[in-house]
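In case you want the letters, here they are:
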Amino acid sequence: MSIAPHLLRDGRRGHRYGDAVLIDHLAFDGLRDAFTGLSMGALTEAGNPGYDITREAQDARADGACAVVVTRKSTAVRLGLPLGAPNP
């Protein structure tokens, strides 16, 4: 996600005079809901009360999930294996 480009509306037709606004593609199309315009985080926080999920429970789950992904990728890269290969 860190290589998401910036967008320039109507850039193909050209801008003749004045400022042109660049749009961060990650924020515009990746982390924002297309229907409501809210960020993923705001939508999650708004929906949590209906499921009895606390912020602490979310953070604990995310910490565990991220640790597994980083460990698998690091092991594969260190051993020179393709990223889809099972962990040795």
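Nothing here was measured: the structure is a model prediction, and the numbers come from that model. (Residues numbered from 1 in each chain as written. Predicted model: local features only at pLDDT ≥ 70, side-chain atom pairs only at ≥ 80, totals over all residues. Heavy atoms only, no water.)

### Some details on the overall build of the protein
At step 1: Scanning the protein from terminus to terminus reveals three helices and two strands.
At step 2: Going from N to C terminus, the protein has its helices and strands arranged as β-β-α-α-α.
At step 3: For the protein, buried positions account for 5% of its 88 residues.
At step 4: Of the accessible surface of the protein, which amounts to about 7,700 Å², a share of 59% is contributed by carbon and sulfur atoms. (Helix = DSSP H or I, 4+ residues; strand = E, 2+ residues; numbered from the N terminus. Buried < 20%, exposed > 50% of the residue type's maximum accessible area, 1.4 Å probe, protein only. Areas by Shrake-Rupley, 256 points an atom, 1.4 Å probe, with all protein chains shown as cover.)

### Side note on the pattern of salt bridges
At step 1: Enumeration according to the criterion identifies one salt bridge in this entry.
At step 2: Close ionic contact of Arg 55 with Glu 45 constitutes a salt bridge, the shortest N to O distance being 2.6 Å. Linking Arg 55 in helix α3 (residues 55-79) with Glu 45 in helix α2 (residues 40-47), this pair joins segments that are ten residues apart in sequence. (Salt bridge = Lys/Arg side-chain N within 4 Å of Asp/Glu carboxyl O.)

### What about unusual backbone geometry?
At step 1: With phi around 55°, Asp 52 is a residue other than glycine that occupies positive phi space.
At step 2: Mapping Asp 52 onto the fold places it in the loop between α2 and α3.

### Topic: the side chain of Asn 48
At step 1: Summarising the element assignment, Asn 48 is placed in the loop between α2 and α3.
At step 2: The exposure class of Asn 48 is buried, given its relative accessible area of 10%.
At step 3: When residues no more than four places from it in sequence are discounted, the contact partners of Asn 48 are Ile 53 and Gln 58. (Contact = heavy atoms within 4.5 Å.)

### What about the confidence of the model for the protein?
At step 1: Chain-level pLDDT for the protein is 76 on average; 70% of the residues reach the 70-or-more range.
At step 2: The weakest mean pLDDT in the protein belongs to α3 at 67; the strongest belongs to strand β2 (residues 22-24) at 87. (pLDDT = per-residue confidence, 0-100.)

### Here we look at the environment of Ser 2
At step 1: Following the sequence through the fold, Ser 2 ends up in the segment before β1 (6-8).
At step 2: Put simply, Ser 2 and Leu 26 are 24 residues apart on the chain and 8.2 Å apart in space, counted from C-alpha to C-alpha.

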